[in-house]
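Here's the letter readout for the chains.
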There are 4 protein chains.
Amino acid sequence: MIVVMETTATQEQIDHMTERVRKLGLKANVIVGTERTVIAAIGEKREDTKDSLASGPGVSSVMPIIAPYKMASREVRPEPTQVQVREFRAGNGICGVMAGPCSVESEEQLMSAARAVKAAGATALRGGAFKPRTSPYSFQGMKEEGLKLLAAAREETGLAVVTEIMSTDDVELVAKYADVLQIGARNMQNYRLLEAVGNVDRAVLLKRGASATMDEFLLAAEYILNEGNENVMLCERGIRTFEDHTRFTLPLASVPYLHRKTHLPVIIDPSHGTGHTYMVPDMAVAAVAAGADGLIIEVHPDPENALSDGYQSLEFNQFQATMDRCRVVAEALGRSMG
Amino acid sequence: MIVVMETTATQEQIDHMTERVRKLGLKANVIVGTERTVIAAIGEKREDTKDSLASGPGVSSVMPIIAPYKMASREVRPEPTQVQVREFRAGNGICGVMAGPCSVESEEQLMSAARAVKAAGATALRGGAFKPRTSPYSFQGMKEEGLKLLAAAREETGLAVVTEIMSTDDVELVAKYADVLQIGARNMQNYRLLEAVGNVDRAVLLKRGASATMDEFLLAAEYILNEGNENVMLCERGIRTFEDHTRFTLPLASVPYLHRKTHLPVIIDPSHGTGHTYMVPDMAVAAVAAGADGLIIEVHPDPENALSDGYQSLEFNQFQATMDRCRVVAEALGRSMG
Amino acid sequence: MIVVMETTATQEQIDHMTERVRKLGLKANVIVGTERTVIAAIGEKREDTKDSLASGPGVSSVMPIIAPYKMASREVRPEPTQVQVREFRAGNGICGVMAGPCSVESEEQLMSAARAVKAAGATALRGGAFKPRTSPYSFQGMKEEGLKLLAAAREETGLAVVTEIMSTDDVELVAKYADVLQIGARNMQNYRLLEAVGNVDRAVLLKRGASATMDEFLLAAEYILNEGNENVMLCERGIRTFEDHTRFTLPLASVPYLHRKTHLPVIIDPSHGTGHTYMVPDMAVAAVAAGADGLIIEVHPDPENALSDGYQSLEFNQFQATMDRCRVVAEALGRSMG
Amino acid sequence: MIVVMETTATQEQIDHMTERVRKLGLKANVIVGTERTVIAAIGEKREDTKDSLASGPGVSSVMPIIAPYKMASREVRPEPTQVQVREFRAGNGICGVMAGPCSVESEEQLMSAARAVKAAGATALRGGAFKPRTSPYSFQGMKEEGLKLLAAAREETGLAVVTEIMSTDDVELVAKYADVLQIGARNMQNYRLLEAVGNVDRAVLLKRGASATMDEFLLAAEYILNEGNENVMLCERGIRTFEDHTRFTLPLASVPYLHRKTHLPVIIDPSHGTGHTYMVPDMAVAAVAAGADGLIIEVHPDPENALSDGYQSLEFNQFQATMDRCRVVAEALGRSMG
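Predicted, not measured: the structure shown is a model, and the values here were computed from it.

## Considering the overall build of chain A
Along the backbone of chain A there are 11 helices and 15 strands. Overall size of chain A, expressed as C-alpha extent along the three principal axes, is 75 × 45 × 40 Å. Burial status across chain A gives 67% buried among its 338 residues. In chain A, of all internal contacts separated by at least 6 residues, the share reaching a separation of at least 24 is 67%. Only carbon and sulfur atoms are counted for the fraction: they give 44% of the accessible area of chain A, which is about 10800 Å². Measuring between centres, the 35 positive side-chain charges of chain A sit 3 Å from its 44 negative side-chain charges.

What follows is the structure, encoded as structure tokens:
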């Protein structure tokens, strides 16, 4: 950590801060510059150290040197993690595809979607049974009924089941039916929920919060890893910016960034990441080209009549065509769709 | 709702969408413009209608006309709501002040803070017992021990107690000790938690999510109001933007905006909203001038040794001076500090 | 245009606004809803109409229906424009590549870069002679000397020359040497400069401002088209967001969006769009997969000693490898690199 | 400057970078930490140094310690600068008010506005003669005719005249009529224009670009100061964020921040900063409370019929009432309106 003193800091303040660094168990290296003094604090990472030092007398700012996360870090574990659930695989050259409707609405809707995405090459079925909705007056999901339909679809197709979990109250119930527990963007910093899924024997799909920095995203993953669950996938689903022609702004540079910083697989969600059906195919293919380890795509038999997110869902034939384009790109680049 | 068709939409598509609007129970008014056709859908508000129509054939976009929230709306309840808890009041010309440490750390720390903020004119004591921390390795709060200390401080000073609640699991426990339940920015869309505090006889301080739109913010309040709890205060605590010289960007225009749209009191948090001790006084005074119904300010006996947020906490004398400035401004404008 | 009245608007206000719409030469269609009245204003597009109506009495908001640009619009010209300059082509299935150093620094530097990018498959050479620099103390470019070097490099390699123009004062001079005039992001709304390049017989590469909306971007292009210059290319180079792990956030969804709205070719700049050498190859390939009509990439013989932007420049072998990957992806998708 | 090496950096890379730092004329202080090595580069500020070092082998990042601007810095000039033009004063406890219409539209419009704002206590008259408009089809201003009307209004009222300058071509012309040259947000990084106004004997009102960081803003001021013009005022007029209920997000924390970093006066523009007439008074008063050195406010005799920005303009009586509120707040805080 580098403690940057104000240009006007007194020697007394510099001495005070040097002493404080030492009391935190760190080695203090005082560097007198031409305009100001900085103190390099050397030692093991201390989470609360930065905030503490930043309020000291004569301190201008404190700059951390070391990433605040550990277990998620590539430095700790250089080899990429591949998450495997049934036939679904993500990571280390394999790009796995989760697809299906935003919400589970009926047996017929789900089964037809499951068959269609399986036929097109997806290896996991997505579908919401508990739906976090911005408005209390919107459809809130079929709940356990929906989970049962998902399990039935898995029974028939062999697809792994991915579904969102909204509350610690539901962990046991959802884990009974699902293979992959999805933490939604709005819950990325719901720490109790992160701890709860960290203690279950299920893979986790952690979505990035709409305004989360990468450090916050990786620290959220760290909450899960820290409880002992190593099957964590990171999902970039778009961030909130000033752009209003898309629902969110989808930054594909998250793929190379995360590949450099973490061993965890990186999944891209072009459906939420754009909010428009017509953009989904191009962004799915671009994600594969950028090196994504997986995709999660909304597919619906009849988007116009979907109870949620119809405007960003693909029809079956659109999904099939998208998968075909993804496959040729993956193969051209020496990777494969899983 | 206005359904805007593409310029290339066919008559068949226009007829199809007109029919769909009618099937949703709305009256359809087709307007043929010089370049394109729009369909005005008239009738009661329907939450899921917009999404559904947006995916129709030949549809360019759907523009809602009516605010998606009801109970929070000023149109439904034109008179401002004043929240009153013990001697704390916020709303309708009174600006109430909640102050105290970020985290409850010890009896001595809390008691001295409680006495100091009381002496300076605050009517509520803030203090975190359950702390949501970005890192799993940071101090997570004193939990029930902290709640007991808060209750003891109330006993002595008469200050109302405000503390954060992080999980549905803790509602009963926290409600036992606290007067005001705070929902943190990271939980603004934790809908289960919103419903839970909507069913408790405690006032709620709902913080705006760092990237929440105003509609999302008011819909989160709507979740609480919809369960029957009318004592909701809205807290602007800053949004995430590209600015990096402040921790968040604090948009005080939220005050006039919310005053126009909702009857609920608007509280400003200049501590999180800036992230720098030296900015807090100016922004607190500016908030009062902008018409805020309350302030929540971090105050610590020894910021340099605080376990969290020391860099944005005021010392006692700084808080006293800030309160003095707020008071003269409030009085100059014909309002009063509560 | 839809004029949405307040729920509290009086009949007098509604009549007043209806009359105002008619005075603007538009047909007014008054729609009485269950909660409020809206007035649909029908007729030719009027630029200043929206602002004018928005300040009327009892008006809640005004929603435009029609895109504010005309000549850039796909509705006016459905066929994609292909820009061709010497052997460089962009648009309609061809992805042209402009590459070279950020700044022209010396004959040796530029010549070696020109030869290397040509060998790797680029058809245009980029290089800055007039450099807009954030600080007045930074290197400001070689000016005319640099332009001469660019022309010499074209002479030898046949590459088209792309260079930035910063001021109306320089139009004649730069046009004498360059094939493509680049308008930088900071000048996207320098309207005098847009008009000036609109009157020169040179293609224009218009970069998106770091916080420009798509309407603003297309209106900037409209300024150029409106002067009679049809050879305009739109360049997405990243937007400013809260993300701090990249220099800018590069939204590739701009490609499908712009392809839907305009006939102009869309170029992607993965160098500025990421700000990190290691991200450039993945994002270049992703841009091709997303359907970009061109790429502009910083390439330098010795990035470590570059006078500007070394941290985001590719070395020759990195550029060659990137081009190889772009080519296989373009071909797999039935397009070609130009 | 702190050069942070990768954890995987080799000794050879560390030695290489140490040598590079020395070649730049800086002293290199190598600090070996528990996880990685950092090199503190000590010496005079070098503008291009950071970029250069950032691309070195084994370098993770480079963190600057010193502000990149000099003449604008409070460290160089600790006393606040007060800009005085005729009776207008801004800075050092005086909050000066510039008010008037967005565009000069006619003699009658301008004269009535000039008289009204003078009567209410403004000391400068704003009015646009050259208008930068997003669309080429919008009203572009009365040009020299407008400048003459401004000069005539000054003649009668004694108000200082503030008007925007869009191009280096117009510097001489505008300087002939105006007292204060305004650089608009879209031209904040039009460096040629900054240099041009730096060479004229007129005060400059520099508006912050909608996505400019504070360093970029102060470096833009530095371009002007560096040419010898010391009468520079910084104007915060709102930034572009995800918020869509205001035209821009107005961050009043810019006032304490800039007061800490620079000696230049800070002006707030609540008109553009909100984009809604009804928000302007509250934000004007809040700006005064936050310590602003000046305000610039749009006032129009008939906002509904304004040729531009009517939706954010105040009527005369609204402006008068706003000034009255500003005055009581300024006086309550021991400052005065100029």
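On we go.
## Some details on the packing of helix α3 (residues 107-120) of chain C against helix α4 (residues 144-157) of chain C
Residue and element names in this part refer to chain C. Two numbers describe how α3 lies on α4: the axes approach to 10 Å, and their chain directions differ by 35 degrees. Relative to α4, α3 is oriented so that their crossing is right-handed. Facing Glu 107, Leu 110, Met 111, Ala 114, Arg 115 and Lys 118 of α3, the residues of α4 in contact are Leu 149, Leu 150, Ala 152, Ala 153, Glu 156 and Thr 157. By residue class, the composition of the contact of α3 with α4 is seven nonpolar, one polar and four charged.

## Things to note about the side chain of Thr 213 of chain D
You can see Thr 213 of chain D is positioned in the loop between β11 (203-207) and α7 (214-225). Once residues lying within four places of it in the same chain are set aside, the contact partners of Thr 213 of chain D are Phe 242 of chain B, Arg 240 of chain C together with Arg 208 of chain D.

## Let's talk about the packing of helix α7 (residues 214-225) of chain C against helix α8 (residues 254-261) of chain C
Residues and elements named next belong to chain C. Axis separation between α7 and α8 bottoms out at 12 Å; the angle between their running directions is 55 degrees. Accordingly, the angle class assigned to the pair α7 and α8 is oblique. Taken as a pair, α7 and α8 cross one another with a handedness that is right-handed. Where α7 abuts α8, its residues Met 214, Phe 217 and Leu 218 lie against Ser 254, Tyr 257, Leu 258 and Lys 261. In the contact of α7 with α8, the residues fall into five nonpolar, one polar and one charged.

## Regarding the relation of the copies chain B and chain A
Both copies of the chain are related by a screw-like operation: a rotation about an axis and a shift along it. Superposing chain B onto chain A takes a rotation of 180 degrees combined with a translation of 0.0 Å along the rotation axis, leaving an RMSD of 0.0 Å. One copy is carried onto the other by what is essentially a two-fold rotation axis. Considering only C-alpha atoms, the residue of chain B closest to the rotation axis is Ser 211 of chain B, which sits at 3.0 Å.

## Describing the pairing of strand β11 (residues 203-207) of chain C
The two faces of a sheet get side chains in turn, since along a regular strand they alternate between them. Residues and elements named next belong to chain C. The element β11 is extensively covered by neighbouring structure, given that five of its five residues are classed as buried. The alternating pattern of β11 places Ala 203, Leu 205 and Lys 207 and Val 204 and Leu 206 on opposite faces, both of which are buried. Looking at chain direction, strand β10 (residues 180-183) and β11 are connected through four bridges and run parallel. Counted as the bridge partner of Gln 182 is Leu 205 from β11. Since β10 and β11 lie parallel, the crossover through helix α6 (residues 191-198) that links them has a hand, and here it is right-handed. Bridging between β11 and strand β12 (residues 232-236) involves four bridges; their strand directions are parallel. Within the sheet, the bridge partner assigned to Leu 206 lies in β12 and is Leu 234. After leaving β11, the chain enters α7 and then returns to the sheet as β12, a path that is right-handed.

## Some points on the interface of chain D and chain C
With 51 residues of chain D at the interface, the matching set in chain C holds 51 residues. Summed over both partners, the interface of chain D with chain C buries about 4300 Å², with 46% contributed by carbon and sulfur atoms. It is Tyr 137, Arg 192 and Glu 304 of chain D that lose the most area in chain D upon contact with chain C, and together they represent 19% of the buried surface on that side. Summed over the shared surface of chain D and chain C, the number is six salt bridges. The salt bridge partner of Glu 304 of chain D is Arg 20 of chain C, with a shortest N-O separation of 3.1 Å. Where chain D touches chain C, the interface holds 23 residue pairs in polar contact (both at pLDDT 80 or more). Among the elements of the structure, α1 (11-23), α2 (49-54), α6 (191-198) and α7 of chain D are those that each provide at least two residues to the side of chain D that touches chain C. By residue number, the principal contributor to the side of chain D that touches chain C is α7 of chain D, which donates four residues.

## A closer look at the sheet that holds strand β4 (residues 59-63) of chain B
Pairing between the strands of a sheet is mediated by backbone hydrogen bonds and can be parallel or antiparallel. Residues and elements named next belong to chain B. Read from one edge of the open sheet, four strands run β2-β3-β1-β4, paired in antiparallel fashion. Single-partner strands in this sheet number two, and they are β2 (27-32) and β4. Adjacent strand axes in the sheet meet at a mean angle of 20 degrees when their direction is disregarded. As judged from the four bridges shared by strand β1 (residues 2-5) and β4, these two strands associate in the antiparallel manner.

## Some thoughts on the pattern of salt bridges
One pass over the structure, following the stated rule, counts 64 salt bridges over all chains. Note that Arg 86 of chain A is salt-bridged to Asp 179 of chain A, the shortest N-O span being 3.1 Å. Separated by 93 residues along the polypeptide, Arg 86 of chain A in the loop between β5 (83-85) and β6 (88-90) and Asp 179 of chain A in the loop between α5 (171-177) and β10 (180-183) bring together distant segments of the chain. One salt bridge in this structure joins Asp 170 of chain D and Arg 192 of chain C, with 2.9 Å as the shortest N-O distance. Here Asp 170 of chain D, found in the loop between β9 (160-164) and α5 (171-177), pairs with Arg 192 of chain C, found in helix α6, and the two come from separate chains. Summarising the burial analysis for this pair, Asp 170 of chain D and Arg 192 of chain C share the class buried. Shared partners join several salt bridges into a network, and the residues in it are Arg 86, Arg 154 and Asp 179 of chain A.

## Structural notes on the sheet that holds strand β1 (residues 2-5) of chain D
All names here are of chain D. What the four strands build is an open sheet, ordered β2-β3-β1-β4; its pairing is antiparallel. Pairing within the sheet leaves two strands with one partner each, and these edge strands are β2 (27-32) and β4 (59-63). Mean inter-strand twist for the sheet, computed between neighbouring axes without regard to direction, equals 20 degrees. Two elements, β2 and strand β3 (residues 37-42), share six bridges in a ladder whose sense is antiparallel. Within the sheet, the bridge partner assigned to Lys 27 lies in β3 and is Ile 42.

## Quick look at the domain arrangement of chain A
Here chain A is partitioned into domain 1 (2-63) and domain 2 (83-337). Between the C-alpha centres of domain 1 of chain A and domain 2 of chain A there is a distance of 44 Å.

## So, the UniProt feature "domain: DAHP synthetase I/KDSA" (unreviewed entry) in chain A
Cross-referencing UniProt, the feature "domain: DAHP synthetase I/KDSA" (unreviewed entry) maps to residues 87-321 of chain A in the present numbering. The distance separating the terminal C-alpha atoms of residues 87-321 of chain A is 21 Å; by composition the span is 36% helix and 17% strand.

## Some points on empty space enclosed by the protein
Under the defined criterion, the tally for this structure stands at six cavities of 30 Å³ or more. Put simply, the largest cavity is a space of about 80 Å³. Looking at the largest cavity, the residues that line it are Arg 240, Thr 241 and Phe 242 of chain A, Arg 240, Thr 241 and Phe 242 of chain B, Arg 240, Thr 241 and Phe 242 of chain C together with Arg 240, Thr 241 and Phe 242 of chain D. Class assignment of the residues belonging to the lining of the largest cavity gives a composition of four nonpolar, four polar and four charged.

Rules and cut-offs
Position labels on residues start from 1 in each chain and follow its written sequence. For this description, chains carry letters from A and ligands carry numbers from 1, given in the order in which they are written. The predicted origin of the model limits local features to residues at a pLDDT of at least 70 and limits the giving and counting of side-chain atom pairs to 80 or more, whereas totals for whole chains, interfaces and linings rest on all residues. Hydrogen atoms and water are omitted, and side-chain values are computed over all heavy atoms in the structure. Each helix is a run of H or I in the DSSP string that is no shorter than four residues. Each strand is a run of E no shorter than two, and both are numbered from the N terminus. Burial classification: accessible surface area is computed with a 1.4 Å probe over protein chains only, and a residue below 20% of its type maximum counts as buried, one above 50% as exposed, and the rest as partly exposed. Note on contacts: a residue pair is in contact if any heavy atoms of the two residues lie within 4.5 Å. Note on areas: these come from Shrake-Rupley sampling with a 1.4 Å probe, and a residue is covered only by the protein chains present in the view. Note that His is not counted, nor are the chain ends; the positive residues are Lys and Arg, and the negative ones are Asp and Glu. Working definition for charges: the position is that of NZ of Lys, CZ of Arg, CG of Asp or CD of Glu. Every angle, taken between N-to-C directions, lies between 0 and 180 degrees, and every axis is a line fitted to C-alpha atoms, over only the stretch in contact when it is a helix. In this scheme, a crossing is called left-handed if the near helix is turned counterclockwise away from the far one by less than a right angle; it is called right-handed if the turn is clockwise. Residue polarity follows a fixed list, in which Ala, Val, Leu, Ile, Met, Phe, Trp, Tyr, Cys and Pro are nonpolar, Asp, Glu, Lys and Arg are charged, and the others, Gly among them, are polar. Between 65 and 115 degrees an angle is taken as roughly perpendicular, under 35 as roughly parallel, over 145 as roughly antiparallel, and anywhere else as oblique. The copies were overlaid by least squares, fitting only the C-alpha atoms of residues that reach a pLDDT of 70 or more in each copy. Two strands are said to pair when DSSP picks up at least two bridges between them. Throughout, right-handed denotes a crossover for which the path from the first strand over the helix to the second runs clockwise when the strands point away from the viewer. Buried area is calculated as the accessible area (1.4 Å probe) missing from two parts once they are joined, with the contributions of both summed. Definition used for salt bridges: Asp or Glu carboxyl oxygen within 4 Å of a side-chain nitrogen of Lys or Arg. N or O atoms closer than or at 3.5 Å make up a polar contact, with two conditions inside protein: a donor-capable atom paired with an acceptor-capable one, and, for residues adjacent in sequence, both atoms drawn from side chains. All the domain ranges listed were derived from an automatic or database domain assignment. UniProt positions are given in the numbering used here, feature names are shortened, and annotations may be inferred rather than shown by experiment. Lining residues are defined by having an atom within 4 Å of a point belonging to a cavity or pocket. Those points lie on a 1 Å grid over the protein atoms alone, cavities being sets where a 1.4 Å probe fits but cannot get out and pockets being open sets with protein on both sides within 12 Å along at least five of seven lines. Grid points are joined across faces, edges and corners, and a volume is the space filled by probe spheres set on the points.

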